[in-house]
Amino acid sequence: MKLGYMTNAFGPLTGDGGGVTSMKDVGYVTMCDDEDAISKIAARGYQYIEIFEGNIRAYKDNPGKFLDICSKYGVSVLGVYAGCHFIYEDALEDELYKIKEVTSIARQLGAKHIVLGGGSVHGSGIREEDYPRLAKGIDQAAAIISEYGLIPSYHPHLGSLAEKPDQIHKLFSLTDISFCPDIAHLAAGGSDALQMIRQYYDRIKYVHLKDLNSAGEFVPLGKGSINLEEIISYLKNKGYDGDWLVEIDGYSGDPCEACETSYQYLKGKLL
């Protein structure tokens, strides 16, 4: 079992500028100093990180530079998060090109997981034919990731085709991709997170721990309204031996405080 922290809490979220004109370059980027974020995460006790695709692509020609940063602070890369639209058939070839490039870099950095997000919603709304397109795209991306020896999982996300419970069930009926439950995204999308984990337990190899308050804000673990202890206990009692990641993106408070508070919350539970 490995426990990591996501670097995306240490800067605003944006996308790769090249993606404006080139689909193969579209990706998530955290606008932060990577070394500064890693040093702060390590100082709170974490030994693993997850990081966005766009941040590691900056080291495509010099992965050793990023490995040196990680080594300096005693941290290893646990996962990389990558997003795609998946439903636009003409664009899928270039999106899969990106997945291959990102996975290649991630393997060089020693990553174990590639977390896939995505499933665009049209301006006119969701179309039923988008679900089989999403599933097909996910399966093709998962095949690429598996070829590189990494574990692919899908992360249901707010604002995507897999936000609400019925949408998640519909997608998972069309693909056997592993399930990366983000506890707060599930709750915010209207799911009973524990029930969703029970139903798809056999698919889970990686869990994103996140809390949510009554105002709908992602907050440090234990500071929201989700019964995280019940979820952690269920997974431990089932013999879950996969990995865990703490992610507190979008928090209005101090990211270092969120990192520290969450680590302290996990003492006696996972630590």
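Here the structure is a predicted model, which is why all the values come from computation and not from measurement. (Residues numbered from 1 in each chain as written. Predicted model: local features only at pLDDT ≥ 70, side-chain atom pairs only at ≥ 80, totals over all residues. Heavy atoms only, no water.)

K.L.:
So what about the overall build of the protein? Which residues, and what values?
P.N.:
For the protein, the helix and strand inventory stands at 10 helices and 12 strands. Over its C-alpha atoms the protein spans a radius of gyration of 17 Å, differing by no more than 12% from the 18 Å that the globule rule assigns to 271 residues. Here the C-alpha coordinates of the protein stretch approximately 45 × 45 × 35 Å along the principal axes. Within the protein, contacts between residues separated by at least 24 positions form 77% of all contacts whose residues are at least 6 apart in sequence. Accessible surface for the protein amounts to roughly 11,300 Å². Of this, 45% is attributable to carbon and sulfur atoms. Here the protein carries 26 positive and 38 negative side-chain charges, and the mean point of each set is 4 Å from the other. (Helix = DSSP H or I, 4+ residues; strand = E, 2+ residues; numbered from the N terminus. Rg over C-alpha atoms; globule rule 2.2 N^0.38 Å. Contact = heavy atoms within 4.5 Å. Areas by Shrake-Rupley, 256 points an atom, 1.4 Å probe, with all protein chains shown as cover. Lys, Arg positive; Asp, Glu negative; His and termini not counted. Charge placed at Lys NZ, Arg CZ, Asp CG, Glu CD.)

K.L.:
Outline the sheet that holds strand β9 (residues 206-209), supporting the account with residue identities and numerical values.
P.N.:
Pairing within the open sheet is parallel, and its 8 strands lie in the order β8-β7-β6-β5-β4-β1-β12-β9. Lying at the two open borders of the sheet, with one neighbouring strand each, are β8 (178-179) and β9. (Pairing = 2+ DSSP bridges.)

K.L.:
If you had to explain unusual backbone geometry to someone new, which residues and values would you point to?
P.N.:
Here the phi dihedral of Phe-86 falls at roughly 70°; this positive angle occurs in a residue that is not glycine. Tracing the backbone through its elements, the reader meets Phe-86 in the loop between β5 (76-84) and α4 (89-108).

K.L.:
Explain helix α10 (residues 255-266) residue by residue, including any values.
P.N.:
The end-to-end C-alpha distance of α10, which contains 12 residues, comes to 17 Å, matching closely the 16 Å that a straight helix rising 1.5 Å per residue would cover. Residues Cys-256, Ala-258, Cys-259, Thr-261, Ser-262, Tyr-263, Tyr-265 and Leu-266 constitute the buried set of α10. The elements touched by buried residues of α10 are β1 (3-6), α1 (34-43), β9, α9 (228-237) and β12 (243-246). A positive backbone phi angle near 85° is found at Gly-268, which sits one or two residues after α10. (Expected span 1.5 Å × (residues − 1). Buried < 20%, exposed > 50% of the residue type's maximum accessible area, 1.4 Å probe, protein only.)

K.L.:
So what's going on with the environment of His-113? Which residues, and what values?
P.N.:
With respect to the element layout, His-113 can be found in strand β6 (residues 113-118). On the basis of relative accessibility, which here comes to 0%, the residue His-113 falls in the buried class. Considered as a pair, His-113 and Glu-50 are 63 residues apart in the sequence and their alpha carbons are 8.8 Å apart. Residue contacts for His-113: discarding those within four places in its chain leaves Leu-78, Gly-79, Val-80, Leu-150, Ile-151, Lys-205, Tyr-206 and Asp-243.

K.L.:
Please provide a residue-by-residue account of the pairing of β6, values included.
P.N.:
For β6, a buried count of 6 out of 6 residues is recorded, marking the element as mostly surrounded by other parts of the structure. Here β6 shows no split at all, with His-113, Val-115 and Gly-117 on one side and Ile-114, Leu-116 and Gly-118 on the other all buried. Looking at chain direction, β5 and β6 are connected through 6 bridges and run parallel. Across the sheet, the residue bridging to Cys-84 is Gly-118, located in β6. Between β5 and its parallel partner β6, the chain crosses via α4, and the hand of that crossover is right-handed. Bridging between β6 and strand β7 (residues 151-154) involves 4 bridges; their strand directions are parallel. Within β7, the residue paired with Val-115 across the bridge is Ser-153. Running through helix α5 (residues 130-147), the crossover from β6 to the neighbouring parallel element β7 is right-handed. (Right-handed = clockwise from strand over helix to strand, strands pointing away.)

K.L.:
Summarise the pattern of salt bridges; cite the residues concerned and give the values.
P.N.:
In a structure, side chains of opposite charge can pair up when their charged atoms sit close to one another. On inspection of all chains with the given rule, the structure shows 14 salt bridges. Salt-bridge contacts for Lys-24 lead to Asp-25; the nearest nitrogen and oxygen are separated by 3.3 Å. Note on Lys-24: relative accessible area 31%, which makes it partly exposed. Linking Asp-25 and Arg-57 is a salt bridge whose minimum nitrogen-to-oxygen distance equals 3.8 Å. In this pair, Asp-25 sits in the loop between β2 (13-15) and β3 (28-30) while Arg-57 sits in helix α2 (residues 53-57), placing the two residues 32 residues apart along the sequence. (Salt bridge = Lys/Arg side-chain N within 4 Å of Asp/Glu carboxyl O.)

K.L.:
Got a sec to walk through helix α6 (residues 165-172)? Specific residues and values, please.
P.N.:
Among the residues of α6, those classed as buried are Gln-167, Ile-168, Leu-171 and Phe-172. Buried residues of α6, viewed axially, fall in a sector of 130°; they line one side. As for α6, its buried residues are in contact with α5, β7, β8, α7 (183-188) and α8 (193-199). (Arc of directions from axis to C-beta.)

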